[in-house]
Amino acid sequence: MRILRNISFGQYIPRDSLIHDLDPRIKILSCLAIIISLFLVTIFSGYLILGSFVLVSIIISKVHPKFVFRGLRPILFIIIFTLVIHLFMTEGEVIYQLGFLKITREGLVKGLLISFRLFILILTTSLLTLATSPISLTDGMERLLSVFKFLGIPAHEIAMMMTIALRFIPTLLEETEKIMKAQISRGADLESGNIFNRAKNYPCLLMHFDVLMS
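Bear in mind the structure is a predicted one, so any value in this text is a computation, not a measurement.

**Describing the nonpolar core**
Within the largest apolar cluster, 21 residues are counted, with the highest numbers of intra-cluster contacts made by L38, Y47, V54, V68 and I120. Looking at this core, the elements that each hand over two or more residues are α3 (24-40), α4 (44-61) and α7 (105-130). In terms of residue count, the dominant contributor to this core is α7 (six residues). When near neighbours in sequence (up to four residues on either side) are disregarded, V54 contacts I34, I120, L123, T124 and L127.

The structure is reproduced here in structure tokens:
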């Protein structure tokens, strides 16, 4: 259940701020611009500029930083794993050696850059959903896609699917947490042990999911 509380994607926190009042198309395009820039920038100073822009946007949005940074927890292992892989698997100048394991300067730099890229990517997408209501977000997406109608892109249908998906993410997480609490109150162990020890509790949990989704 701790993981469910850490998921911030799809949740909206209303605030009276400049970021909230912006046109959703501007926020969507700004988010896309930052994401594209993350894959084009190759120097650390560029990541610092992008990171500073995102942090300033978080402050202006008046959304408490804990809600934004909460989205990092589910992928924290991936960020650390990516850094470790680059530290030991990248050839270059050795700066530290522990047995057969070698940390290279090039691996350290590359690992930090990629980890920082993931860090900014998650913060940007989290801020977009936290500062934009699902209705406004999908309305902005529909307006952006409407210019491609001549290509046969069903902008309204895509926006409708996004509205349904985004609006039900927080509801689904809330109902999932209620089901898990109910199972724990009946004696199910869903938070300790390994996956094999907990597997016997999953069929009942899945049955509740079927009822919820039907």
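**Topic: the pairing of strand β1 (residues 94-98)**
Each regular strand shows side chains that alternate between the opposite faces of the sheet. Judged from the four bridges that link them, β1 and strand β2 (residues 101-104) form a sheet pairing that is antiparallel. Following the sheet pairing, Y96 is matched in β2 by I103. The antiparallel pairing of β1 with β2 creates a hairpin that spans two residues between the two strands, and G99 there sits at a positive phi of about 65°.

**A word on the packing of aromatic side chains**
By convention here, two paired aromatic rings are described through the distance between centres and the angle between planes. Throughout the structure, instances matching the rule amount to five aromatic pairs. Ring geometry for Y47 against F116: centres 6.4 Å apart, planes inclined by 90°, an arrangement best described as edge-to-face. You can see Y47 sitting in helix α4 and its partner F116 sitting in helix α7, a full 69 residues away along the chain. Under the relative-accessibility criterion, Y47 is labelled buried at 2%. Pairing F69 with F119 gives two aromatic rings, centres 6.0 Å apart and planes at 45°, and the pair type is tilted.

**Re the packing of α3 against helix α8 (residues 134-145)**
Close contact between α3 and α8 brings their axes to 8 Å; oriented N to C, the two are set at 80°. When the axes of α3 and α8 are compared, the pair comes out roughly perpendicular. Facing α3, whose interface residues are P24, R25, I28 and L29, α8 presents S136, L137, G140, M141, R143 and L144.

Cut-offs and rules
Residues numbered from 1 in each chain as written. Predicted model: local features only at pLDDT ≥ 70, side-chain atom pairs only at ≥ 80, totals over all residues. Heavy atoms only, no water. Core = buried A, V, L, I, M, F, W, Y, C linked by side-chain atoms within 4.5 Å. Buried < 20%, exposed > 50% of the residue type's maximum accessible area, 1.4 Å probe, protein only. Helix = DSSP H or I, 4+ residues; strand = E, 2+ residues; numbered from the N terminus. Contact = heavy atoms within 4.5 Å. Pairing = 2+ DSSP bridges. Phe/Tyr/Trp six-rings, centres within 6.5 Å; stacked < 30°, edge-to-face > 60°. Axes fitted to C-alpha atoms, helices over the stretch in contact; angles between N-to-C directions. Parallel < 35°, antiparallel > 145°, perpendicular 65-115°, else oblique.

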